[in-house]
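# Topology and contacts: notes
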Amino acid sequence: MHPYVERTIRRIYALNSNEKLFLQAINEVLDSLSFVLEEFPEIEDWNLLERICEPERQKIFRINWMDDKGKVNVNRGFRVGFSSALGPYKGGLRFHPSVDLSVIKFLAFEQVFKNSLTGLSLGAGKGGSDFDPKAKSEREVMRFCQAYMTQLYRDIGHKTDVPAGDIGVGSREIGFLFGQYKRLTDRHEMGVLTGKEAFHGGSFVRKEATGYGTVYFAEAMLASLGDELSGKQCIVSGSGNVAIYAIEKLQGKGANVIACSDSDGVVYAPNGIQLPLLKEIKEVKRGRLLEYAERCEDAKYVKAGNIYQIPCYAAFPCATQNELDAPDAQKLIGSGIRCVAEGANMPCTSAAVRLFRKSGVLYGPGKAANAGGVTVSGLEMQQNASIRNWSFEDVDAQLKGVMISIHEKCSYYGQQYGTGPSDYVAGANIAGFLRVVKALMGYGVG
């Protein structure tokens, strides 16, 4: 490891010693940069590693909201603007009990490289709250979103910070947030939030984008070796927005998706997941996968099961961070897996990633493979700025083009500075890093 990398990691650890997820993300990126530093010594001269690892701004705030029983609840809210080198802060909001500052900082740091890889003029940020939307009524979710935006609205704008959705925040929540922003500012500033419904300024393909993009990236990885998804058995962890549309695109490519999951358990369907039924249960009813198994004769439900025990050709972790660990990776490798593409952010532990890379499994890291969501968010911003709406087919074609371009960048930089064109980890980190640091050097110190 380059001495400058070692010094930077020690300093970051000293400043953020109890933020484990953030430190995991820092290690994963900086570990790839030694060869780049030897070629570009000015990176050390400008102390760009430390600068890129420190958020530009961090906000923590209290959120008071009233539930349906008249009780006042208190949650904690966050918004971290990590880098504006390439444009306004851009990144989603996550509502989940696990949210804390470490989670938000790791997500925002990953977003720096993800947004850079898209080639769009987007900085990076992330936000959210430890609010749990599960089992909450529509009115409770609305009141919470209004309270959250009341604390945040002064800090966002289409030229400064543009939030979007993430876990627990879909088009419904974005609508509530946008409505409150309009009330507070008396402005119909469509570009201030992305992930809106099409009828009030959203883009077609936005809800599909992360799942579709992950499949496009996996398809590109396999195509580089003369392979394809058609006829292959796949598993998709999760059953939320990303997972559902990864399944949809995989089935459209002729793959057989045999399993998905939620936080309660796993559904195994050897003849393939029935997507209309899954959408009805998860998107319309906001229900649990147990109901899917109860209504589908050829599906088996395993409570608290591990989806990574199921042999497959390709795996798409689309649930949450660190869901796939080293024993899971060993099990998948032993059963002959060929491809892993991350639909979630950092769903594989560091040990699992090392095993996949060592064994020659095609591994697409989240910052590259799941960049489809922010890509279409950027396209939504373009549509809002021009007061236009593009067709589903047009946006989908642009999304596919960006994902192929990201694959090409990762392959090129993996060849230049990693262990080869299939070293997508090094390629993604280096390609994303170089674009940001060149912008920082162009701005000077400040």
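Placed above this text is the structure.
Let me begin by describing the structure that accompanies this report. In this text the structure is predicted, and so the values were computed from the model without any measurement. (Residues numbered from 1 in each chain as written. Predicted model: local features only at pLDDT ≥ 70, side-chain atom pairs only at ≥ 80, totals over all residues. Heavy atoms only, no water.)

### A short note on unusual backbone geometry
This is how the line gets drawn: Secondary structure is summarised from DSSP: a helix means a run of H or I of at least four residues, a strand means a run of E of at least two, and numbering begins at the N terminus for each.
Although it is not a glycine, Asn47 sits at a positive phi angle of roughly 50°. Relative to the elements of secondary structure, Asn47 occurs in the loop between α4 (42-45) and α5 (48-52). In this model, Val205 sits at a positive phi of 75°, which is unusual for a non-glycine residue. Examined against the element boundaries, Val205 turns out to sit in the loop between α8 (171-185) and α9 (206-223).

### Regarding the nonpolar core
Under the convention used in this document: By nonpolar core we mean a set of buried residues, namely Ala, Val, Leu, Ile, Met, Phe, Trp, Tyr and Cys, connected to one another through side-chain atoms within 4.5 Å. Think of it in three bands: residues with accessible area under 20% of the maximum for their type are buried, residues over 50% are exposed, and the middle band is partly exposed, with areas taken using a 1.4 Å probe on protein chains only. The contact definition used throughout considers only heavy atoms, calling two residues in contact when any of these lie within 4.5 Å.
Tyr292, Phe316 and Phe433 are the most contacted members of the largest nonpolar core, which totals 103 residues. Counting residues per element, this core draws most heavily on helix α18 (residues 424-443), at eleven residues. Each residue touching Phe433, except ones within four places of it in the same chain, is listed here: Leu33, Val36, Ile43, Leu49, Ile52 and Phe113.

### Overview of the sheet that holds strand β1 (residues 57-66)
What counts, and what does not: At least two DSSP bridges between two strands are required for those strands to pair. Every axis in this analysis is a line fitted to C-alpha atoms, fitted for helices over the stretch in contact. Angles between the N-to-C directions lie between 0 and 180 degrees.
Taken in spatial order, the five strands of this open sheet run β1-β2-β4-β3-β5, and their pairing is mixed. Edge positions in the sheet fall to β1 and β5 (161-164), since each has one partner strand and no second. Strand-to-strand, the axes of this sheet are offset by a mean angle of 20°, without reference to chain direction. Here strand β3 (residues 89-95) runs beside β5; their pairing, made up of four bridges, is parallel. By the bridge assignment, Lys90 is partnered in β5 with Val162. Docked against the sheet, helix α7 (residues 138-152) engages β1, β2 (72-83), β3, β4 (124-129) and β5, running at close to 140° with respect to β1.

### Considerations on the packing of α9 against helix α16 (residues 372-386)
Our working definition: Take the far helix as your reference; a near helix turned counterclockwise from it by less than a right angle gives a left-handed crossing, and one turned clockwise gives a right-handed crossing. Amino acids are sorted into nonpolar (Ala, Val, Leu, Ile, Met, Phe, Trp, Tyr, Cys and Pro), charged (Asp, Glu, Lys and Arg) and polar (every other residue, Gly among them).
Where α9 contacts α16, the axes come no closer than 7 Å and their chain directions differ by 145°. With respect to the hand of their crossing, α9 and α16 are arranged in right-handed fashion. Residues Arg206, Ala209, Thr210 and Gly213 of α9 touch α16, and the partners they reach there are Gly372, Gly373, Val376, Ser377 and Glu380. Among the residues forming the contact of α9 with α16, the class breakdown is two nonpolar, five polar and two charged.

### Considering the side chain of Gln321
As a reminder, the rule being used: Polar contacts, as counted here, are pairs of nitrogen or oxygen atoms within 3.5 Å of one another; within protein the pair requires one atom able to donate a hydrogen and one able to accept it, and residues that are adjacent in sequence qualify only if both atoms are side-chain atoms.
Looking at the element boundaries, Gln321 is found in the loop between β10 (314-317) and α13 (326-334). At a separation of 3.0 Å, a polar atom in the side chain of Gln321 contacts the side chain of Arg94. Each residue touching Gln321, except ones within four places of it in the same chain, is listed here: Leu21, Arg94, Ser98, Val103, Phe106, Asn345, Met346 and Pro347.

### Quick look at the pattern of salt bridges
Basically, it comes down to this: A pairing counts as a salt bridge when a side-chain nitrogen of Lys or Arg comes within 4 Å of a carboxyl oxygen of Asp or Glu.
Overall, the coordinates contain 27 salt bridges when judged by the stated rule. Measuring nitrogen to oxygen at the nearest pair gives 3.9 Å for the salt bridge that ties Lys285 to Glu280. Judged by relative accessible area, Lys285 falls into the partly exposed class, the value being 44%.

### Thoughts on the packing of aromatic side chains
Spelled out, the test is: Aromatic contacts are taken between Phe, Tyr and Trp rings whose centres are within 6.5 Å, Trp giving its six-membered ring; a plane angle under 30 degrees counts as stacked, one over 60 as edge-to-face, and the others as tilted. The criterion for a charge sitting over a ring is simple: Lys NZ or Arg CZ within 6 Å of the ring centre, and within 35 degrees of the ring normal.
Summed over all chains, the structure comprises 17 aromatic pairs. Ring centres of Tyr412 and Tyr413 lie 4.9 Å apart, and the angle between their planes is 90°; on these two criteria the pair is classed as edge-to-face. Look at Tyr412 and you get partly exposed, because its relative accessible area is 46%. Put simply, the rings of Phe61, Trp65, Phe95, Phe131, Phe144 and Tyr148 touch in pairs and so form one group of aromatic residues. Cation over ring: Lys249 sits above Tyr212, and NZ or CZ is 4.2 Å from the ring centre.

### Examining α9
As a reminder, the rule being used: To estimate the expected span of a helix, count its residues, drop one, and scale the result by 1.5 Å. Two axes are fitted around each residue, one to the seven residues ending there and one to the seven starting there, and the angle between them is reported as the bend at that residue.
Helix length check: α9 (18 residues) gives 25 Å between terminal C-alpha atoms against 26 Å at 1.5 Å per residue, within 8%. Along α9, the sharpest kink reaches roughly 30°, centred on Tyr212.

### A short note on the side chain of Ser239
Mapping Ser239 onto the fold places it in the loop between β6 (233-237) and α10 (241-252). Polar side-chain contacts of Ser239 include one of 3.4 Å to the side chain of Lys282. In this structure Ser239 touches Ile244, Ser261, Asp262, Leu278, Lys282 and Leu289, once residues within four positions along its chain are discounted.

### Quick word on the pairing of β1
As paired strands, β1 and β2 are joined by ten bridges and run antiparallel to one another. If you follow Trp65 over to β2, its bridge partner there is Asn73. Adjacent in sequence and paired antiparallel, β1 and β2 are bridged by five residues, among which Gly70 carries a positive phi angle near 85°.

### Re the sheet that holds β6
Remark on secondary structure: sheet strands pair via backbone hydrogen bonds, oriented parallel or antiparallel. Strand order across the open sheet formed by seven strands is β9-β8-β7-β6-β10-β11-β12, with mixed pairing between neighbours. Each edge of the open sheet carries a strand with a single partner, namely β9 (300-303) and β12 (362-364). Averaged over neighbouring strand pairs, the angle between their axes works out to 15° when direction is ignored. Note that β6 and β10 share four bridges and pair parallel. If you follow Ser237 over to β10, its bridge partner there is Pro317. Lying on the sheet, α10 is in contact with β6, β7 (256-262) and β10; it crosses β6 at an angle near 165°.

### Overview of α13
Our working definition: Comment: arc refers to directions from the helix axis out to C-beta atoms.
Within the sequence span of α13, burial applies to Ala326, Asp328, Ala329 and Leu332. One side of α13 holds all its buried residues, which, seen down the axis, span an arc of 155°. Opposite the packed face of α13, turned more than 90 degrees from it, sit the exposed residues Pro327 and Gly334. Positive phi appears at Gly336, one or two residues downstream of α13, with a value of about 95°.

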